[in-house]
Amino acid sequence: MKILAIESSCDEFSLAIIDNGIILTNVISSQINHHKEFGGVVPELAARLHLENMHWVIEQAIEESQINIEEIDYVVYTAKPGLIGSLIVGKVVAETIALYLNKPIIGLDHIEGHIFGAAIEHEFIYPVLAMVVSGGHTQIEVVHSPSEFEIIGATNDDAIGECYDKVARVLGLDYPGGPVIDKLAQQGNPEAYKLPIPKDDLSYDFSYSGLKTAAVNLVHNLQQKNQPIDLKDFAASFQIAAVSAVSHKLERAIQNYNPQTLTVAGGVSANSQIRKIILELGQKYQISNTFVPKSEYCTDNAAMMAKLAYEKLK
Ligand code: KG4
Ligand code: ZN
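Residues numbered from 1 in each chain as written. Chains lettered and ligands numbered in written order. Predicted model: local features only at pLDDT ≥ 70, side-chain atom pairs only at ≥ 80, totals over all residues. Heavy atoms only, no water.

(A) Quick peek at the sheet that holds strand β4 (residues 74-80). Read across the open sheet, the 5 strands follow the order β3-β2-β1-β4-β5; overall the sheet is mixed. Since the sheet does not close on itself, it has two edges, and those belong to β3 (22-30) and β5 (105-109), each with one partner. Along the sheet, successive strands turn relative to each other by an average axial angle of 20°, direction set aside. In this structure, strand β1 (residues 2-7) lies alongside strand β2 (residues 12-19), joined through 6 bridges in antiparallel fashion. Residue K2 lies in a different strand from β2, and its bridge partner there is D19. (Pairing = 2+ DSSP bridges. Helix = DSSP H or I, 4+ residues; strand = E, 2+ residues; numbered from the N terminus. Axes fitted to C-alpha atoms, helices over the stretch in contact; angles between N-to-C directions.)

Structure (structure tokens):
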């Protein structure tokens, strides 16, 4: 079974082809450099750049896969959630290819795709406990099968990636701020600045607006007093607060749901501290099927959508 997948929900346009579970190609066009000067993704620009990039992405992916496009059995695309203009471009491209090939088309969920990004190189044993951490989502899901996703906790306000990006912005760091803070944090002292651990309670829900406000206020206070900010120490102090909530909540979910597989998904799963926490929790609770996705499958990509589709269809 060969599936062609398109992912275009935000500022990446990507096309992947999977052949019986094996990824033949995963071409991603990133627009980060275009959005950097605005300090975040500009939706209208993202949709227009998708239109410019889709031609070479399609050509390169088909060439790399070394298959004849007529061999495709299904066409799938990200239907939701995402930026509406970006989603529509991907949908229209998918519909055009499906119509041309006269093959069935399926719209998929982006978050479910992120979770299956972790299953490309390892097989899931169900139930799977997945920590979803991205620019738009922070949630814990129990996956019972490729078609049964149970969200047991989610953010009440900001997502963790959004919080990283906003704090990075007030510190004057480049967009996207998550990877920059992560890099600085690895050389800093996490006890240098005092920041609150977000929503440190017994629920599985998250809240990152308090940490964001506390971090932004602290930066402004220090700036007003003309006190220098040690970026490495600030990043380390922020990171420890941001990931503590993930660690506490995930540990309780493991105790209550007894998963066979433990994993993490979404753009923030590239974070060094979060990857460490997942592997440590897996070891502590003897979940042998514990793994973190390869970095290519952390940020938005079509391979994860292709893998989700394959697992649903097979
Ligand atoms: O999943 P993704 O590519 O897009 C969404 O669907 O939201 O996630 C992008 C987010 C951005 O907020 C970015 O700053 C964050 O992932 N990110 C990181 C790291 N790498 C990417 N956050 C913290 N540490 C990282 N190493
Ligand atoms: Zn995403």
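(B) The coordination of the zinc ion (ligand 2), seen in detail. Note on the zinc ion (ligand 2): its protein donors are H110 (NE2), H114 (NE2) and D300 (OD). The metal-donor distances range over 2.1 to 2.2 Å. Within one chain, the residues serving as donors to the zinc ion (ligand 2) are arranged as H-x3-H-x185-D. Of the two residues, H110 and H114 are both situated in helix α4 (residues 110-117); the distance of 4 residues between them amounts to about one turn of the helix. H110 gets classed as buried once you look at its relative accessible area, which sits at 7%. Since its relative accessible area comes to 1%, H114 is described here as buried. (Donors = N, O, S within 2.8 Å, 3.2 Å for Na, K, Ca; no water. Buried < 20%, exposed > 50% of the residue type's maximum accessible area, 1.4 Å probe, protein only.)

(C) Quick look at the layout of surface pockets. The computed volume of the largest pocket comes to approximately 1000 Å³. Those elements that place two or more of their residues in the lining of the largest pocket are α4, α5 (160-170) and α6 (177-185). If one sorts the elements of the lining of the largest pocket by residue count, α5 sits on top with 6 residues. Residue composition of the lining of the largest pocket, by class: 13 nonpolar, 16 polar and 8 charged. Structurally, the lining of the largest pocket is a two-domain feature, drawing no fewer than three residues from each of domain 1 (2-118 + 297-313) and domain 2 (128-293). (1 Å grid on protein atoms, 1.4 Å probe; cavity = no way out; pocket = protein on both sides within 12 Å on 5 of 7 lines; lining within 4 Å. Points joined across faces, edges and corners; volume = space filled by probe spheres on them. Nonpolar A, V, L, I, M, F, W, Y, C, P; charged D, E, K, R; others polar. Domains from an automatic or database assignment.)

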